[in-house]
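Examining the three-dimensional arrangement
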Amino acid sequence: MRRRTLALATASGAALLAAAALPATAQPAAHRTTTAAPGAGLQEGSVSAADLLAKLKGCSQLSNGKYRTDEETSATVPVCGKNGAVFWKADMDVDCDGQTTSKCNADTDPWYQDDTAFHQSNGKPLNAEKLPYVVVPSAGSIWNYASAGIKGGGVVAVIYNNQVEYAVVGDTGPDKIIGEASYAAAKGLGIDPDPENGGADSGVTYVLFKNSKASPIESHADAVSRGDALAKKFLQDN
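These lines cover the structure that appears in this document, whether it is placed above or below. Since the model is a prediction, treat every value here as computed from it, not as a measurement. (Residues numbered from 1 in each chain as written. Predicted model: local features only at pLDDT ≥ 70, side-chain atom pairs only at ≥ 80, totals over all residues. Heavy atoms only, no water.)

1. Topic: the overall build of the protein chain
Within the protein chain, the secondary structure is distributed over 4 helices and 8 strands. Reading the helices (α) and strands (β) of the protein chain from amino to carboxyl end gives α-α-β-β-β-β-β-β-β-α-β-α. Expressed as a percentage of its 238 residues, the buried residues of the protein chain come to 53%. Excluding contacts between residues fewer than 6 apart, the proportion of contacts in the protein chain whose partners are at least 24 apart in sequence is 75%. Here the protein chain displays about 9900 Å² of accessible surface, and carbon together with sulfur accounts for 49% of that area. (Helix = DSSP H or I, 4+ residues; strand = E, 2+ residues; numbered from the N terminus. Buried < 20%, exposed > 50% of the residue type's maximum accessible area, 1.4 Å probe, protein only. Contact = heavy atoms within 4.5 Å. Areas by Shrake-Rupley, 256 points an atom, 1.4 Å probe, with all protein chains shown as cover.)

If you want it as structure tokens, here you go:
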């Protein structure tokens, strides 16, 4: 787990210049749904963490080199390819950027920015406190997410501690660091969502489904529905 620095904030801010707004058809965000039994942890949809992880052994490396999980660590994380998806295994730092809320603001997060690279259907930044989203590295010499079929609003399966949570691609970060997701994504998986001192040191797997898109981006229910279908197809194709 890294504690972000001002250099990271600057890099993230630069990435926002390339932000793309999504169609302006506002729909209400939906509540999380889960099939897990009480006390069994989070499992959204019908595909288990074990079944997904069984297909993610080994790595057909797509990235031109590897990423760091923290500014002070060595580069150890490759982006790997599978049929219909890309994935990486890293830590989880907490992104609180986007709409100002009681949990995500300049007082709770020293690196807070009131925007995200990708926007809601009404043009507003995403709400990190409410919406599970994942941060992808900005395009650079290591890897270009767009060239791999990954786009804003793309559906992601986040796996941690035998749990599955579906999220969307919601923000971009530094071009040499990987492993970050929103306050809501962390909280849903039982990870401390404190943007300054929370997160997970390791053990998080991110599976990004190619050419997918939740509609609207702020609908978690749509991400879960699409994610479940994509995960089933992923198991069949790999």
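2. What to know about the pairing of strand β3 (residues 85-95)
Counting buried positions along β3 yields 10 of 11 residues, so the element is predominantly enclosed. The sheet contact formed by strand β2 (residues 80-82) and β3 spans 3 bridges and is antiparallel. Residue pairing across strands places Gly-81 opposite Val-86, the latter belonging to β3. The loop that links β2 with its antiparallel partner β3 comprises 2 residues; one of these, Gly-84, has a positive phi angle of about 85 degrees. (Pairing = 2+ DSSP bridges.)

3. Points about the state of the cysteines
Applying the stated criterion across every chain yields a total of 2 disulfides. Two residues, Cys-59 and Cys-80, share a disulfide whose sulfurs are 2.0 Å apart. Looking down the S-S bond of the Cys-59 and Cys-80 bridge, the torsion is -100 degrees, so its handedness is left-handed. With Cys-59 in the loop between α2 (49-54) and β1 (60-61) and Cys-80 in strand β2, this pair connects stretches of sequence that are 21 residues apart. Take Cys-59: its relative accessible area is 38%, and that puts it in the partly exposed class. Cys-96 shares a disulfide with Cys-104; S-S distance 2.0 Å. Across the disulfide from Cys-96 to Cys-104, rotation about the S-S bond amounts to roughly -65 degrees, and the bridge is consequently left-handed. Accessibility expressed as a relative area gives 0% for Cys-104, which makes it buried. Each bonded cysteine in the protein chain gets a number by its place in the sequence, and the pairs come out as 1-2, 3-4. (Disulfide = S-S within 2.5 Å.)

4. Quick look at the nonpolar core
One finds Trp-88, Met-92, Trp-143, Val-158, Tyr-206 and Leu-208 to be the most contacted residues of the largest nonpolar core, which totals 44 residues. Looking at this core, the elements that each hand over two or more residues are β3, β4 (133-137), β5 (155-160), β6 (163-173), α3 (183-188) and β8 (200-209). Considering every element that reaches this core, the biggest residue donor is β3, with 5 residues. Residue contacts for Val-158: discarding those within four places in its chain leaves Met-92, Val-134, Gln-163, Val-164, Glu-165, Ala-167, Leu-189, Val-204, Thr-205 and Tyr-206. Judged by nonpolar contacts, the second largest core, of 17 residues, contains Ala-85, Phe-87, Phe-209 and Val-224. (Core = buried A, V, L, I, M, F, W, Y, C linked by side-chain atoms within 4.5 Å.)

5. Examining the packing of aromatic side chains
Tallying each qualifying case throughout the model produces 3 aromatic pairs. Aromatic pair Trp-88 and Trp-143: ring centres 5.9 Å apart, planes at 75 degrees, arrangement edge-to-face. Taken together, the residues span a long stretch of sequence, with Trp-88 in strand β3 and Trp-143 in the loop between β4 and β5 at a distance of 55 residues. For the residue pair Trp-88 and Trp-143, the accessibility class agrees, reading buried in each case. Feature note: the residues Trp-88, Trp-143 and Tyr-206 constitute an aromatic cluster, connected by ring pairs. (Phe/Tyr/Trp six-rings, centres within 6.5 Å; stacked < 30°, edge-to-face > 60°.)

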